[in-house]
Amino acid sequence: MRAPIILENVTKTYGNKKALLNVSITVKEKKITGLLGPNGSGKTTMIKIILGIIRKDTGKVLLRGTDPFKDPRAREHVGYIPERPELPNSMPVREVLITAARIYGSTSPKDTVDEAISLAGLSGNEWKRFKELSAGLKQRAAIAHALISNPDILIADEPTSNLDPIERVRILDLLVDLNRKENLTLLFTGHVLAEVSRIAEDIIVLRNGKLLFQGSPRNLMDIASIVAIRANDLVRLSKLLEEQGFKTRYTPFSLTVYLSGREEIPRLMKVLGILAGRHGIDIYSIDTVEASLEEMLRRE
Amino acid sequence: MSLRRISGLLSLDLSDTIRPPLLYFMVFVITLLSVVLAYVQLFSTTESLAMNILRPTLLATALFLALRGASGISQLISNRVMEVYLSYPVSRLSIAIVLYISRVVVPSILLITIPLLAAGIVLGPLIMQEPSNYILMGVSFLVQALFYGSVFILIALIAKSTGTTSILSLLFYFSYNIIALILSSVSSSVTSTMFRLAQAMSFYMTVYNSLTTNIEALRPYLWEYLLVPLLTLLSALAFILILSRRFEP
């Protein structure tokens, strides 16, 4: 079966700035895919290109098998949760959703909306206007709005931004529930590796518009190996390791060494042994640590 | 493309355009003024009645189109509701047409037609002498309003900012009318090209002259009839083409 979202060599520029550069990805059907990257890495641009909200410069984009910019039918069963959710304020949320359900071609808009409100956990607040809702409820309203398309694919751009930690967990759990109960393909973006890897089955990492990685969270952790070393002369050790081709970052209490994979650990141990003996450096501890996205990107 | 989808989007966008109280307040005020004017002033012809009632109405319509219609489109862009529209399974061409109808056509019709009807009811016997002329005058003012609205929403699409759109739209409106005034003031005679151009810049003046002048030399030329409708068509097409082909929120 064809993947619901395919990008092949997609490039997008804004003036002189390259937002995406020859990016090729495939989003697997009915899986949760997390799109990771720092601010300005091209995540939102990619989402908007996938939805046909903006044009690509070159390359090929297929959403449910068709180009979403040229053929609006590609978006028929695609729900979209924007980065900062916004819905028209001229009507109560429920009325907006009913009208939107008609746009999506629902034959029984009220039933569709009732179900979406229930699934998104918006019950009791649907008669308020969008601007009257709290940040968490706005996010839920946006999720309800995305669900009225009866989606096969749900695309969420930073669905947990601007939320408190408890609400972040609730929203992510809700998305996981939707993926499982409704058999949705879910593509969502985020900043925090731990948060994304908690629910994603497949991870895409972007940096400066380039694709750094696509694969499972486990593989990402493997290639993002980081070692923390405690020793008596960290500044000197840092300099010596850099001379040996290792990328390091010095902190007052430890030295972080960025490796290109776990297979580099034996070489590091060997080099450390030689350096310690030759330069009289006492090494107190060596620990592998789980990389954050920031640390992983710093390594690049 | 299903008509049901397009009508859904139209009702969603219209709910923003005609949300209370601005439009209702403006319709009420200009209708009241029109009725009062119809009562207190003596009009001998339907054309002069329409002209006197609809000139202030046109100003109010232009203000509404700049401050709510076009600025509303900028607001859609800046608050990202436009992204929501563009994520619907509706073609960009349909979205552009819906926005044009919702932000320009519907408010123009409401603001021009309601005072015209109210004054027509008050001075029914006078209107019934030449109802077609009364309607023609109404249509000519409507075309002029559509012209302003088309330019304003084109500005909105390019400016993408509510404040800039309002300022540039009002600047365009007043500059356009001042230029027409200057052209008519400096022209040597009422038959000169400059004077004709000044008159043609207001479509209702061309229609008024056509309906009221018996002197052949003063009758408008064909290009005078075509100037504003063509500019309206071009602006509207430019808006629709930019939104459907090039626009990115």
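In the block above lies the structure referred to throughout.
Visitor: Before we go on, may I ask you to explain helix α9 (residues 265-279) of chain A in this structure?
Guide: Think of an α-helix as 3.6 residues a turn; residues three or four steps apart then line up on the same face. Residues and elements named next belong to chain A. Here α9 is 15 residues long and its end C-alpha atoms lie 21 Å apart, about the 21 Å a rise of 1.5 Å per residue gives. Those residues of α9 not exposed but buried are L268, V271, L272 and L275. Considered in projection along α9, the buried side chains sweep an arc of 105° and stay on one side of the axis. The outward face of α9, more than 90 degrees from its buried face, is lined by the exposed residues P266, K270 and G277. Contacts from the buried residues of α9 go to β10 (226-231), α8 (234-243), β12 (255-258) and β13 (283-289).

Visitor: Could you clarify how one ought to interpret the layout of surface pockets in this entry?
Guide: In this model, the largest pocket occupies a volume close to 410 Å³. In terms of lining residues, the largest pocket is bounded by 23 residues, among which Y14, T44, T45, K48 and I54 of chain A are the most central. Of all elements in the fold, only β2 (17-27) and α1 (43-51) of chain A together with α7 (131-159) and α11 (222-246) of chain B reach the threshold of two or more residues within the lining of the largest pocket. For the lining of the largest pocket, the element with the highest residue contribution is α1 of chain A, accounting for four residues.

Visitor: Sorry if this is basic, but what is going on with the interface of chain B and chain A here?
Guide: How big an interface is tends to be reported as the loss of accessible area on association of its parts. Taken together, the contacts link 26 residues of chain B with 31 residues of chain A. Approximately 2600 Å² of surface area, both sides summed, lies buried where chain B meets chain A, with 56% of it carried by carbon and sulfur atoms. In this structure, the connection of chain B to chain A is made through four salt bridges. Here K48 of chain A makes a salt bridge to E83 of chain B, at a shortest N to O gap of 3.0 Å. At the surface where chain B touches chain A, the tally comes to 14 residue pairs in polar contact (both at pLDDT 80 or more). Mapped by element, the contributors of at least two residues to the side of chain B that touches chain A are α1 (3-17), α4 (81-86) and α11 of chain B. Per-element tally for the side of chain B that touches chain A: the top contributor is α1 of chain B, with eight residues. Class assignment for the residues of the side of chain B that touches chain A results in ten nonpolar, six polar and ten charged.

Visitor: Explanation requested: helix α2 (residues 22-40) of chain B in the structure shown.
Guide: Residue and element names in this part refer to chain B. Helix length check: α2, at 19 residues, gives a terminal C-alpha distance of 27 Å against a target of 27 Å (1.5 Å per residue), a fit within 8%. All buried positions along α2 are accounted for by L23, M26, V27, I30, T31, S34 and A38. Seen along its axis, α2 keeps its buried residues to an arc of 120°; they face one direction. The exposed residues of α2 that point more than 90 degrees off its buried face are F25, F28, L33, Y39 and V40. For α2, the secondary structure elements touched by its buried residues are α3 (46-78) and α5 (92-122).

Visitor: Whenever I open this one, the pairing of β10 of chain A confuses me. Can you help?
Guide: In the case of a regular strand, side chains alternate between the two sheet surfaces. Residue and element names in this part refer to chain A. Most of β10 sits inside the fold, with five of its six residues counted as buried. The pairing of β10 with β13 spans six bridges and is antiparallel. Counterpart to V227 in the pairing with β13 is T288.

Visitor: Help me out: how do you make sense of the nonpolar core in this one?
Guide: Nonpolar side chains tend to gather and get buried jointly when the protein is soluble and globular. Formed by 141 residues in total, the largest nonpolar core has its most connected members in M82, Y88 and F239 of chain B. With 16 residues, the single largest contributor to this core is α7 of chain B. Excluding residues within four positions of it along the chain, Y88 of chain B makes contact with R75, A100, I103, Y104 and H145 of chain A together with L9 and L12 of chain B. With 16 residues, the next largest nonpolar core counts L240, L255, L272 and I281 of chain A among its residues.

Visitor: I would appreciate a short explanation of empty space enclosed by the protein in the present structure.
Guide: Over the atoms rolls a probe the size of a water molecule, and its path tells where empty space is left. Under the counting rule described, the total for this entry stands at one cavity of 30 Å³ or more. In this structure, the largest cavity encloses a volume near 80 Å³. Lining the largest cavity are 13 residues, and of these Y80, P82, L87 and H145 of chain A together with V84 of chain B sit closest to its centre. Among the residues making up the lining of the largest cavity, the classes are represented as nine nonpolar, three polar and one charged.

Visitor: Hey, could you run me through the packing of helix α4 (residues 135-147) of chain A against helix α5 (residues 165-181) of chain A in this one?
Guide: Think of two packed helices as two axes; the pair is described by the angle between the axes and how far apart they sit. All names here are of chain A. At a closest axis distance of 11 Å, the pairing of α4 and α5 adopts a crossing angle of 15°. Between α4 and α5, the angle is such that the two are roughly parallel. Crossing of α4 against α5: the hand is right-handed. In this structure, α4 contributes G136, Q139, R140, I143 and L147 to the contact, and α5 contributes E167, R170, I171, L174, L175 and L178. Here the residues of the contact of α4 with α5 are counted per class, giving six nonpolar, two polar and three charged.

Visitor: I keep staring at a nonpolar patch on the surface and nothing clicks. Help me out?
Guide: Residues and elements named next belong to chain B. A contiguous nonpolar surface patch, about 530 Å² in accessible area, is contributed by L59, F174, I178, I182, V186 and M194. For the nonpolar patch, the element with the highest residue contribution is helix α8 (residues 162-186), accounting for four residues. When you line up the elements, M194 lands in helix α9 (residues 193-200).

Each value, and the rule that gives it
- Residues numbered from 1 in each chain as written.
- Chains lettered and ligands numbered in written order.
- Predicted model: local features only at pLDDT ≥ 70, side-chain atom pairs only at ≥ 80, totals over all residues.
- Heavy atoms only, no water.
- Helix = DSSP H or I, 4+ residues; strand = E, 2+ residues; numbered from the N terminus.
- Expected span 1.5 Å × (residues − 1).
- Buried < 20%, exposed > 50% of the residue type's maximum accessible area, 1.4 Å probe, protein only.
- Arc of directions from axis to C-beta.
- Contact = heavy atoms within 4.5 Å.
- 1 Å grid on protein atoms, 1.4 Å probe; cavity = no way out; pocket = protein on both sides within 12 Å on 5 of 7 lines; lining within 4 Å.
- Points joined across faces, edges and corners; volume = space filled by probe spheres on them.
- Buried area = accessible area lost by both parts, 1.4 Å probe.
- Salt bridge = Lys/Arg side-chain N within 4 Å of Asp/Glu carboxyl O.
- Polar contact = N/O pair within 3.5 Å; in protein donor to acceptor, adjacent residues only side chain to side chain.
- Nonpolar A, V, L, I, M, F, W, Y, C, P; charged D, E, K, R; others polar.
- Pairing = 2+ DSSP bridges.
- Core = buried A, V, L, I, M, F, W, Y, C linked by side-chain atoms within 4.5 Å.
- Axes fitted to C-alpha atoms, helices over the stretch in contact; angles between N-to-C directions.
- Parallel < 35°, antiparallel > 145°, perpendicular 65-115°, else oblique.
- Left-handed = near helix turned anticlockwise from the far one by under 90°.
- Patch = residues over 30% accessible without salt bridge, like charges linked within 9 Å, V, L, I, M, F, W, Y side chains within 5 Å.
- Areas by Shrake-Rupley, 256 points an atom, 1.4 Å probe, with all protein chains shown as cover.

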